[in-house]
Amino acid sequence: MLRYIGRRLLEAIPVMFVIITGTFFMQRFVPGGPFTAEKAVTPEVERNLLAYYHLNDPLWKQYADYLWDLTPKRFHPFALTQGFDLKEAFGIDFRPSFKYPNRTVNEIIADKLPVSLELGVLSLGVALAVGLPLGVLAAVKRNSWIDYVCSSVAMTGICVPTFVLGPLLVLAFAIHLGWFNASGWYGPIDRVLPSLTLGSVYAAYIARLTRGGFLEVLHQDYIRTARAKGASEARVIFRHALRGGLLPVVSFLGPAVAGILTGSFVIETIFQIPGLGREFVNSAFNRDYTLILGTVILYAGFIIALNLVVDVVQVWMNPKLKFE
Amino acid sequence: MNSSPAPLSAPLPPPPAEPVELEAGHSLWSGAWHRLRKNLLALCGGVAVICLALLCAIGPIFAQSYEDQNLDLGAVGPNAAHWLGTDTLGRDLFARMLYGGRISLMVGLVATFVALVIGVSYGAIAGYVGGKVDAAMMRIVDILYALPFTIFVILLMVFFGRNIFLLFFAIGAVEWLTMARIVRGQVLSIKRMEFIEAARALGFGRRRIIFRHVIPNVLGPIIVYTTLTIPAVMLLEAFLSFLGLGVQPPMSSWGALIKDGADKMEEFWWLLVFPGGIFSLTLFSLNFLGDGLRDALDVRSAKD
């Protein structure tokens, strides 16, 4: 298993390299730049700006310098617990932002990432807490009205996208009923609507996958054996069927996490949440070279790492699979 | 040991007095159609999709132009003259929804077509050629699967201006991966069948075998996943439009209308509810149709 993880990590290096290179050159070769939107600056200011961001160097040198700054140089993962600074922890330097000249991209990430992480974890929690019971219930009570209700709820979750559901929830529960704030990210109550909205789609998918997985498992011989030996229904479900029935859900968690990540762009816009997702979209509009690269690299690293975790868990849960 | 072959000794049935009508054979398609007909939800979905598409295609001819403004009117709720109300610029919401639907459905169709062409060719070639080529090609797909593609579509749309043709390609380029995987799996099982052997024995080239003999036999799964890709594509387009990266004004798509409605929902609820409703209705219809087709054509799930 360690060999498998090692190989996957090695494989990730060229992938990250391609992502960094692609993003770096793509943003340089398109018209417009970080300073074109602003009022015309005096030539002197412009010269200073270009010098400050090393934009006068030949492009290949900028690229090489940037790659060097990104290369991990130390390994203090525990530094991450005191503020999420990748420079303290690994010596990864994303450089100063173009739009906020006094701040480095590392600082912005350390500032905004925890918000997005909290939103993502809560949403995933909602998705699992709602999706799993719905799916199990639908599978156990197959072809009954309970199944139809659960499956319809799941279909609704899939077909009402977050950017429709979110505003509708705000309209109903914040504006008309006044139970929540329409936007903001202050108290715990502000977490409710955004995580419900973002989690809904994945709750729906998880319910469908759980239902399918359980239906397949409940037909197996070993379940019949368990029943024949007089195991209670609850024991059959939670003790015998759970592990096999959850397999499709585990393999879905990789895409789900990636989806929650990108879904947060819209949710953070709807609910005015100061997270990294909104920062990323703004940075793209602002042509904030370093902030774009920093967030893209961070997201890509996250998704690659989480996919690896999901794959390992999958093999651990299903001995039929092997690390190849 | 066996009992005597009774059927042989039994008297032959009397010859039919008049020619019986032969029962028509059940091809894959007629069987599938038979099963689909029994699935009420899928049928409703199919009919709804066709109605919506016709409405969007023909409706704008009769409705007011989506650009017609009546600034004195401003935003008014649903009434007799404007069935679904007007937006803040006094434009008829129903007309705008029909025009927006044209764009949304067109993006759905064209981008799905792009994904279809890339995915089917890629998957068929990988599956048919097999061996190291297949391993390498599928490894690339695995890696691409793990990438945050939506992020790249966002960057593309920002950097290269919000061009609708770029939108088609960017979305199509993201959505072909699942199709490639499915087609490859199917091709792997089909290429070992005798009729492929026969085609090879007849001396046909690879290209001809792949495109004339293999692909027609994986049409079932392709149709099912095309139907299910259309809502996924439309969702991505609406997502981009919601972020302000999709279709630009004065043109409109359902995603852009939803965005507009979400911004103004506090005073003008209909601007959010109707576009959101028609969009969700379309997604419902397409998903039910796709699920029904999957059951009817007996296609296994994509995860296999």
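Everything numeric here is computed off the predicted structure, so don't read it as measured data.

## A few points about the overall build of chain A
Logical step 1: Counting its secondary structure elements, chain A contains 13 helices and zero strands.
Logical step 2: Seen in sequence order, chain A has helices and strands lined up from the N terminus as α-α-α-α-α-α-α-α-α-α-α-α-α.
Logical step 3: Principal-axis analysis of the C-alpha atoms places the extent of chain A at approximately 85 × 55 × 35 Å.
Logical step 4: Sorting the 324 residues of chain A into buried and exposed places 37% on the buried side.
Logical step 5: Nonlocal contacts in chain A, meaning residues at least 24 apart in sequence, comprise 70% of its contacts between residues at least 6 apart.

## Some remarks on the overall build of chain B
Logical step 1: For chain B, the helix and strand inventory stands at twelve helices and zero strands.
Logical step 2: Ordered by position from N to C terminus, the α and β elements of chain B give α-α-α-α-α-α-α-α-α-α-α-α.
Logical step 3: For chain B, the proportion of its 304 residues judged to be buried stands at 45%.
Logical step 4: Of all intrachain contacts in chain B linking residues separated by at least 6 positions in sequence, the fraction that spans at least 24 positions is 69%.

## Quick look at the interface of chain A and chain B
Logical step 1: Chain A puts 34 residues into the contact, and the matching count from chain B is 29 residues.
Logical step 2: Where the side of chain A that touches chain B is concerned, the elements lending two or more residues are α1 (2-29), α6 (145-159), α7 (162-176), α11 (247-270), α12 (276-286) and α13 (289-317) of chain A.
Logical step 3: A per-element tally of the side of chain A that touches chain B places α11(A) first, with nine residues.
Logical step 4: Of the residues in the side of chain A that touches chain B, the class split is 28 nonpolar, six polar and no charged.

## Looking at the packing of α6(A) against helix α8 (residues 192-218) of chain A
All names here are of chain A.
Logical step 1: For the pair α6 and α8, interaxial distance at closest approach is 8 Å and the crossing angle is 140°. Put simply, α6 runs oblique to α8. Judged by the twist between their axes, the crossing of α6 over α8 is left-handed. In this structure, α6 contributes C150, A154, G157 and I158 to the contact, and α8 contributes S200, V201, A203, A204, Y205, A207 and R208.
Logical step 2: Its residues assigned to classes, the contact of α6 with α8 comprises eight nonpolar, two polar and one charged.

## Quick look at unusual backbone geometry
Residue and element names in this part refer to chain A.
Logical step 1: In the Ramachandran plot, R95 falls in the positive-phi region, its phi being about 75° despite a non-glycine side chain.
Logical step 2: In this structure, Q272 takes a positive phi of about 55° despite not being glycine.
Logical step 3: Relative to the helices and strands, Q272 is located in the loop between α11 and α12.
Logical step 4: By C-beta crowding, Q272 is classed as partly exposed, having 14 other C-beta atoms within 10 Å.

## Some words on the environment of Q272(A)
Logical step 1: Along the primary structure Q272(A) and A182(A) are separated by 90 residues, whereas in three dimensions their C-alpha atoms are 8.9 Å apart.
Logical step 2: If we skip the residues at most four places from it in the chain, Q272(A) touches S183(A) and G184(A).

## Quick notes on helix α4 (residues 93-129) of chain B
Residues and elements named next belong to chain B.
Logical step 1: The end-to-end C-alpha distance of α4 is 53 Å, a good match for the 54 Å that 37 residues give at a rise of 1.5 Å each.
Logical step 2: In terms of burial, α4 is a largely internal element, 28 of the 37 residues being buried.
Logical step 3: Backbone geometry just downstream of α4 places G130 in the positive-phi region, at approximately 70°.

## Notes on the confidence of the model for chain B
Residue and element names in this part refer to chain B.
Logical step 1: Looking at chain B, the pLDDT average stands at 79 and 83% of residues meet or exceed 70.
Logical step 2: Ignoring residues within four places in sequence, the model shows residues 1-10, a span with pLDDT below 50, making zero contacts including any to other chains.
Logical step 3: Among the prediction metrics, the complex's ipTM stands at 0.81, with pTM recorded as 0.81.

Rules of the game
Residues numbered from 1 in each chain as written. Chains lettered and ligands numbered in written order. Predicted model: local features only at pLDDT ≥ 70, side-chain atom pairs only at ≥ 80, totals over all residues. Helix = DSSP H or I, 4+ residues; strand = E, 2+ residues; numbered from the N terminus. Buried ≥ 20, exposed ≤ 12 C-beta atoms within 10 Å, placed from the backbone. Contact = placed C-beta atoms within 7 Å. Nonpolar A, V, L, I, M, F, W, Y, C, P; charged D, E, K, R; others polar. Axes fitted to C-alpha atoms, helices over the stretch in contact; angles between N-to-C directions. Parallel < 35°, antiparallel > 145°, perpendicular 65-115°, else oblique. Left-handed = near helix turned anticlockwise from the far one by under 90°. Expected span 1.5 Å × (residues − 1). pLDDT = per-residue confidence, 0-100.

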